[in-house]
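Analysis of the macromolecular model
What follows is each chain in one-letter form.
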Amino acid sequence: MKRQIISRGLCTSLLIFAIYSFAAAQDNKTDGWKQLFNGKDLTDWKMVGPGSRYVKDGTLRSHGGMGLLYWTGGKLGNCTIRVVYRMEKFNSNSGVFIRIPIEPREEWMPVHYGYEVQIDNHPETSGEDDYHITGTLYSLTKPLAKSGKPGPQWNTMEITLDGPRTIVYLNGQKVTDYTEGQPVPKRKFSYEPQRGIRPNEGYIGLQNHSDSDIVDFKEVAVKPLNKK
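Since the structure is predicted, the reported quantities are computational estimates derived from the model, not experimental observations.

1. Structural notes on the nonpolar core
- Grouped together as the largest cluster of nonpolar side chains are 32 residues, with contacts concentrated most on I81, V96, M157, I159 and F217.
- Counting nine residues, the second largest nonpolar core, distinct from the first, contains M66, Y70, M109 and V111.

So, in structure tokens, the structure goes:
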């Protein structure tokens, strides 16, 4: 009888272990996100331009600017990029750069040849309009929603690169849905990007704007599109 009880207990433990192992395997299969920021240091990231980004308490913080911290792991396309960020103050300025055609060597090339997915909930403070608000392609698209949370709340932005199409969700709401070649407004300011077609894939980066604009990033992840 004692041997049977031990055998049953062992079988139950093995069954529980198998169930948990299967569940973990299923989670890994369905999750699919690759973390580009390890939460510890700047491995696979490189800075161009003035200022710097550094890691503190598991987040990417910024000092000075205008500069760009870009991921050196290669070009991204046909994927979704997820960033989780917060503004230090009620409002701050930053951006997530995408579709940069070549590895950047200075801070202005990405502005004019890639796209900046803007982070700035109150562009009117700088004399700008809705084409410069969080979740838009900076100065190029008008927002479908205004869903940015003020600091110090965390925001989740998901940027999907589907061939020539760029879709941006911010805190679960679609803000941008733009396909290369669609009409865009003319430039209003000298610092706005040059107009023109961007590549289907490119480097990505995080902007540090100035000492008065501190935006922390605690997650940068990518997941390939499940193209059928």
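That was the structure; now back to the text.
2. Topic: the pairing of strand β12 (residues 203-208)
- With respect to burial, β12 is a largely interior element, six of its six residues being buried.
- Because side chains alternate across β12, one face comprises the buried residues Y203, G205 and Q207, and the other comprises I204, L206 and N208, equally buried.
- One ladder, built from four bridges, connects strand β5 (residues 67-71) with β12; its direction is antiparallel. Counted as the bridge partner of G67 is N208 from β12.
- Here strand β7 (residues 94-100) pairs with β12 via three bridges, running antiparallel. Along β12, the bridge assignment pairs I100 with Y203.

3. Digging into the packing of aromatic side chains
- In the structure shown here, the tally under the stated rule is four aromatic pairs.
- An angle of 45° between the planes, with centres 6.1 Å apart, marks the rings of Y85 and F217 as tilted. Placement of the pair is Y85 in strand β6 (residues 79-87) and F217 in strand β13 (residues 215-224), with a sequence separation of 132 residues. No difference in accessibility class separates Y85 from F217, as the two residues are buried.
- The cationic tip of R82 hangs over the ring face of W33; the distance from NZ or CZ to the ring centre is 4.0 Å.
- Sitting over the ring of W154, K218 keeps its end group 4.4 Å from the ring centre.

How each quantity is defined
Residues numbered from 1 in each chain as written. Predicted model: local features only at pLDDT ≥ 70, side-chain atom pairs only at ≥ 80, totals over all residues. Heavy atoms only, no water. Core = buried A, V, L, I, M, F, W, Y, C linked by side-chain atoms within 4.5 Å. Buried < 20%, exposed > 50% of the residue type's maximum accessible area, 1.4 Å probe, protein only. Helix = DSSP H or I, 4+ residues; strand = E, 2+ residues; numbered from the N terminus. Pairing = 2+ DSSP bridges. Phe/Tyr/Trp six-rings, centres within 6.5 Å; stacked < 30°, edge-to-face > 60°. Lys NZ or Arg CZ within 6 Å of the ring centre and 35° of its normal.

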